[in-house]
Amino acid sequence: MATLLVHTPNTLSSKMNTFRAMRPIASRFSKQTLPAYRSYSAPASYEFIETSEPRPGVGQITLNRPKALNALSTPLITELNTALLSFDRSPTIRTILLTGSQKAFAAGADIKEMAPLTFSEAYTTSFIESWSSLTTAIKKPIIAAVSGHALGGGCELALMCDILYCTETANFGQPEIKLGTIPGAGGSQRLSRAVGKSRAMELVLTGKGFSGREAYEWGVAARCFGSWEELMEGSLKTAETIAGYSKVAVMAGKEVVNKSQDLGIRDGVEFERRVFHSLFGSEDQKIGMKAFAEKKKAEWTDK
Ligand code: CO8
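Our subject in this report is the structure included herewith. Given the structure is predicted, the values throughout are model-derived calculations rather than measurements.

It is worth spelling out the packing of aromatic side chains at this point. Here the distance between the centres and the angle between the planes together describe a pair of aromatic rings. Within this structure, the stated rule accounts for six aromatic pairs. Arranged with centres 5.7 Å apart and planes meeting at 70°, the rings of F127 and W131 form a pair that is edge-to-face. In this structure F127 comes out as buried when scored by relative accessible area, which is 16%. With relative accessibility at 8%, the residue W131 sits in the buried group. Every member of this aromatic cluster is reached through a ring pair, and the members are F172, F210 and W218. Across from the ring centre of Y165, 5.6 Å away, lies the NZ or CZ of R223, which sits over that ring.

Here it is in structure tokens:
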């Protein structure tokens, strides 16, 4: 399997077609072929990431390209997309944790890979389009645990996740301006929504970094922690908490919050109410409310 997952073809167009490439691979992970627990702990399968199941229901992906501070190369992103999709399809994984090392979440897109790229190559191969597939293809919640550098594409990758936790000293930023370019994976859009136009403009146009503490104070991060150990423990705890709820309700919760980023308040509230109504058709709504009334722990069926 390792040779299939480490995707290093010669042509740029085949390199960029990561999302198409990962489908047949991910489809090999069928319910029949995998054991029920720790089914996705297959560290030997990947070269640039590691996967594990550190807590019941929690799938962890660790970016692991230490010599390049986890710079996001196409092969790394291919592996990341493959791992995300297989966790998303897993019957046992309920929440995903995405992290890097203590030193670097990711120091950006791989500058050495991008340097020779021409406009026509980037345009005709939709360069990096599939890098954002986690925002559309993955239905389970993704928590980003960020320590160290989260720059350029690394910052954008963290911003794509559903919940962002970081250390106080994490180093966020969109330094692309220093390389003669601009953010390309949603940084200008997601940062503007998170921190406001003026602050986002300052960050994008100066390339100035911001700390994990600032990320927390500005609302980019949900929480910040004093140490790497606390970050990982806090992130795992939250992941485990979410993994303990009904899969149906969690998926619906993610869907409605994400819709708020696309819709105006009136349409958003309407959409939320429709999804809320639809949950009265789930078994878990009956189970959850009955368990409350009977002062019992709900045993979810995910139906
Ligand atoms: N790309 C490729 N290699 C990198 C990158 C990168 N982004 N960042 C670090 N490296 C490599 C270095 O070249 C070096 O390799 P080598 O040992 O072979 O020379 C190794 O990692 C260690 O780096 P440093 O020696 O520079 O380590 P320092 O601790 O001195 O500095 C920094 C750490 C400050 C993080 C520094 O490495 C740096 O400034 N890196 C570049 C940061 C940057 O500009 N990032 C933005 C890139 S552009 C981008 O991300 C566009 C986004 C497009 C969309 C992406 C979608 C997900």
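Anyway, onward from the coordinates.
A separate point is the nonpolar core. Ranked by size, the top nonpolar core spans 50 residues in total, and within it V146, L164 and F172 carry the most contacts. If one sorts the elements of this core by residue count, helix α4 (residues 74–89) sits on top with seven residues. With sequence-adjacent residues up to four places away left out, V146 is seen in contact with F105, A158, L164, Y165, C166, T167, A170, F172 and L231.

A few words on the site of the ligand. Near the ligand, the surroundings consist of 23 residues, among which A107, A109, I111, K112 and G153 are the closest. Here A109 contributes a backbone N or O atom positioned 2.8 Å from an oxygen atom of the ligand. Between G153 and the ligand, the recorded distance is 2.7 Å, taken from a backbone N or O atom to an oxygen atom. Burial of the ligand by the protein amounts to 65% of the accessible area it has alone, namely 1,100 Å². Looking at the shell around the ligand, the elements that each hand over two or more residues are α5 (111–114), β6 (149–151) and α8 (153–160). Here the shell around the ligand gets three residues from one element, more than from any other, and that element is α5. A per-class count over the shell around the ligand returns 14 nonpolar, four polar and five charged.

Cut-offs and rules
Residues numbered from 1 in each chain as written. Predicted model: local features only at pLDDT ≥ 70, side-chain atom pairs only at ≥ 80, totals over all residues. Heavy atoms only, no water. Phe/Tyr/Trp six-rings, centres within 6.5 Å; stacked < 30°, edge-to-face > 60°. Buried < 20%, exposed > 50% of the residue type's maximum accessible area, 1.4 Å probe, protein only. Lys NZ or Arg CZ within 6 Å of the ring centre and 35° of its normal. Core = buried A, V, L, I, M, F, W, Y, C linked by side-chain atoms within 4.5 Å. Helix = DSSP H or I, 4+ residues; strand = E, 2+ residues; numbered from the N terminus. Contact = heavy atoms within 4.5 Å. Near = heavy atom within 4 Å. Polar contact = N/O pair within 3.5 Å; in protein donor to acceptor, adjacent residues only side chain to side chain. Areas by Shrake-Rupley, 256 points an atom, 1.4 Å probe, with all protein chains shown as cover. Nonpolar A, V, L, I, M, F, W, Y, C, P; charged D, E, K, R; others polar.

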